[in-house]
Amino acid sequence: MIKYDYVALNDPVSQQLQQDIMRIAPSEATTLITGETGTGKEVIARAIHQHSRRSNKPFLAVNCGALTESLAESELFGHEKGAFTGATDSHQGWFEAANGGTLLLDEVGELSRHLQVKLLRVLQQREVIRVGSHRAIPIDVRVIAATHVELTQAIHARRFREDLYYRLNVTAINLQPLRNRQQDILVLAHHFLTHYANERKKPELRFTPEALDTLTTYSWPGNIRELDNAIHRAVLHSQGTAITPELLSLNSLTSSHEIKASSELTTFIHEQLRRGEPQLYQRTLEALISRAFELTGQNQSQAAAMLGISRHTLRTQLSHLGLIKSRKKISTPGDFEVERHKDHRERELRIGYQKFGNLGVLKAQRYLEQQFQPLGINVLWSEYPAGPQLLQALSQGEIDFGTTGEVPPIFGQSSNHQLRYIAWEPAAPSSVALMVPQDSSIRTLDDLRGKRIAVNKGSNVHYLLLQLLDEVGISLTDIRLIYTPAKYPLTQSDALSADAWMMWDPLLSHAELDGQLRRIENGEGRVNNHQFYLSNQNVIDEFADIFPALIDALRVTGEYIDTHRYHAAQLLSKELAINSTALEAALSRRSHQTQLMNSRILREQQIIADRFYALGLLPRPINVRQAVWSSD
């Protein structure tokens, strides 16, 4: 979301909020910002920082909900060299990086109980202890926490520590949803339109009277973020000078229905409370979780999105209810057969995808659903931001099939995941690159010494980064790696937390088209950047009858993309909210012809695996050939 803290907002609620910011900012008190998703919690945190005595020091934001349990402590508090497998050098955590400034702990309600204890100690003692060390490091950081979770209810459900809540809630700001700030809607809408229209060189764009009516009558369940995205999307798809209700792509019926539903829900809850229903909170929570899980066909990602919570939180609740025991990883083929015969429902093929490439187009066309429904197979789709996250879901039995780049399966195999290579797509070295801001002092690879480089750990761009550093004799100790999934556009917090970003298509093409970032080097002559389709042996055994058809569907889709790039880009543009021109450029950088594994591609994978092991980034050497599916 772009900055809007300097916009003169008209609603009395927002004017009171400005007064609260000016009152809280000069103090050093820890602040808790609450509010629905999309209400602008990071923007408010940044405003507090900018009006404090720390304004000339770092402002960093970390999404606690995005931290994996295994790495969260290291990311927050840092680690020493050798603290765990893969810790080849010392690492400064977020608290140390923000020293002297302000650290926003976004979605703090998603932290595990274990990390809540660690965080409480840091807030009390004002010092951190890195993983693998016993030495306390003093810190001078103002902490702002933010969450859309009702923490008092989380305390009641024993998901959040009460003592940590009081430590965070020294001063508090509750952000009202956009539907309660009617006078701000059009002010923000015009602000976003001006920004995106100028960015796309369409300054003549204006809202029609009907569009203005739509904006003011819609209930904005996604708040300011939804408003921002709706106008951005409208500008991207606009052909003339007018932004119409159709371009906004809002359901005009949503507003009245949502208001009515909200009123009915409030009335129902009030009646239940008045009657003194026993264990109302727990019963309501269990009903919400179980019904969402049922309605989405037991798809955890979709159920979490439906409820507006993280998948981590959903998994915790499902575990408490005993609803995900059958979805756990199956240890042996024999166990799998027993489980399979217990389940008399239709079979489900759960596919992980990233909205781009063959699987993205295949989902948009709904081709697999048409092919497999007569066979009694339901196809369920789960979206992932990148290959490493998708592979993690595959290894945990949350999906059955998916696609990643070259590097994630190597890390997975080294961790004893029972994955299998199914097929691959040709190299696309120009689809990965090292990017920096236009005004960056980084001009060549030699300038990377001492810089902070954001990279998704265990991804294809991770391997490219190693190759780039090796070219100029820079070691991993000469830079600071920030492990984070790639994203674009970048927020101001992103720009402050890193000096360079490893990116891949379609985000790479999007960034190049916008012109806000420039490329230092890409993968040409350095990496192959293949794509691989993966599954695991248990799934292959169950779906042996349809895997050939699945491969054929990928081949057909690949041919369609390569011969109809313009139409494929248009199809994906609706899913990704990325300009179709950028998507067409991204699609043109690679061939999408799906092929079965062969000896040459296996040798190339083995070279990458050996390189990562030699650098100490893998816990053990691997033999790639042992993880290949045979179609015989």
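For the structure, see preceding data.
Residues numbered from 1 in each chain as written. Predicted model: local features only at pLDDT ≥ 70, side-chain atom pairs only at ≥ 80, totals over all residues. Heavy atoms only, no water.

> A description of the packing of helix H17 (residues 357-365) against helix H25 (residues 547-563) should follow, citing residues and the corresponding values.
It is the contact of H17 with H25, at a shortest axis distance of 9 Å, that shows an interaxial angle of 95°. Our classification of the angle between H17 and H25 gives roughly perpendicular. Facing H17, whose interface residues are Gly357, Asn358, Leu359, Val361, Leu362 and Gln365, H25 presents Ala553, Leu554, Thr557, Gly558, Tyr560 and Ile561. Of the residues contributing to the contact of H17 with H25, the split by class is seven nonpolar, five polar and no charged. (Axes fitted to C-alpha atoms, helices over the stretch in contact; angles between N-to-C directions. Helix = DSSP H or I, 4+ residues; strand = E, 2+ residues; numbered from the N terminus. Parallel < 35°, antiparallel > 145°, perpendicular 65-115°, else oblique. Contact = heavy atoms within 4.5 Å. Nonpolar A, V, L, I, M, F, W, Y, C, P; charged D, E, K, R; others polar.)

> Provide a residue-level description of the sheet that holds strand S6 (residues 142-147), including the pertinent values.
Pairing is parallel across the open sheet formed by five strands, whose spatial order is S2-S3-S6-S1-S7. Single-partner strands in this sheet number two, and they are strand S2 (59-63) and strand S7 (171-175). Neighbour-to-neighbour, the strand axes of the sheet open up by a mean angle of 20°, direction not taken into account. Along the sheet, helix H1 (residues 12-24) contacts strand S1 (31-35), S6 and S7; its crossing angle with S7, the most-contacted strand, is approximately 160°. (Pairing = 2+ DSSP bridges.)

> Outline the pattern of salt bridges, listing residues and values.
Side-chain pairing between opposite charges can occur once the charged atoms of the two side chains come close. In the structure shown here, the tally under the stated rule is 25 salt bridges. Of the charged contacts in the structure, one is a salt bridge between Asp20 and Arg23, with a shortest N-O distance of 3.4 Å. Of the two residues, Asp20 and Arg23 are both situated in helix H1; the distance of three residues between them amounts to about one turn of the helix. The exposure class of Arg23 is exposed, given its relative accessible area of 54%. (Salt bridge = Lys/Arg side-chain N within 4 Å of Asp/Glu carboxyl O. Buried < 20%, exposed > 50% of the residue type's maximum accessible area, 1.4 Å probe, protein only.)

> Got a sec to walk through the packing of aromatic side chains? Specific residues and values, please.
Taken as a whole, this structure holds ten aromatic pairs when the rule is applied. Centroid distance Tyr421 to Phe532: 5.2 Å. Interplanar angle 80°. Geometry classified as edge-to-face. With Tyr421 in strand S13 (residues 419-425) and Phe532 in strand S19 (residues 531-536), the pair connects residues that are 111 residues apart, well separated along the chain. Note on accessibility: Tyr421 and Phe532 belong to one class, buried. Plain terms: the ring middles of Tyr463 and Phe612 are 5.8 Å apart, the flat faces sit at 35° to each other, and that makes the pair tilted. Pair noted here: Tyr463 is in helix H21 (residues 460-471) and Phe612 is in helix H28 (residues 599-614), with a separation of 149 residues, a long-range link. Looking at Tyr463, the relative accessible area reads 7%, which means it is buried. The class for Phe612 is buried, based on a relative accessible area of 0%. (Phe/Tyr/Trp six-rings, centres within 6.5 Å; stacked < 30°, edge-to-face > 60°.)

> Residue-level account of the environment of Leu394, with values.
One can find Leu394 in helix H19 (residues 387-395). Overall, Leu394 belongs to the buried group, its relative accessible area being 4%. Along the sequence, Leu394 and Arg590 sit 196 residues apart, while their C-alpha atoms lie 25 Å from each other. Setting aside anything within four residues of it in sequence, one finds Leu394 in contact with Ile399, Asp400, Phe401, Leu534, Ser535 and Asn536.

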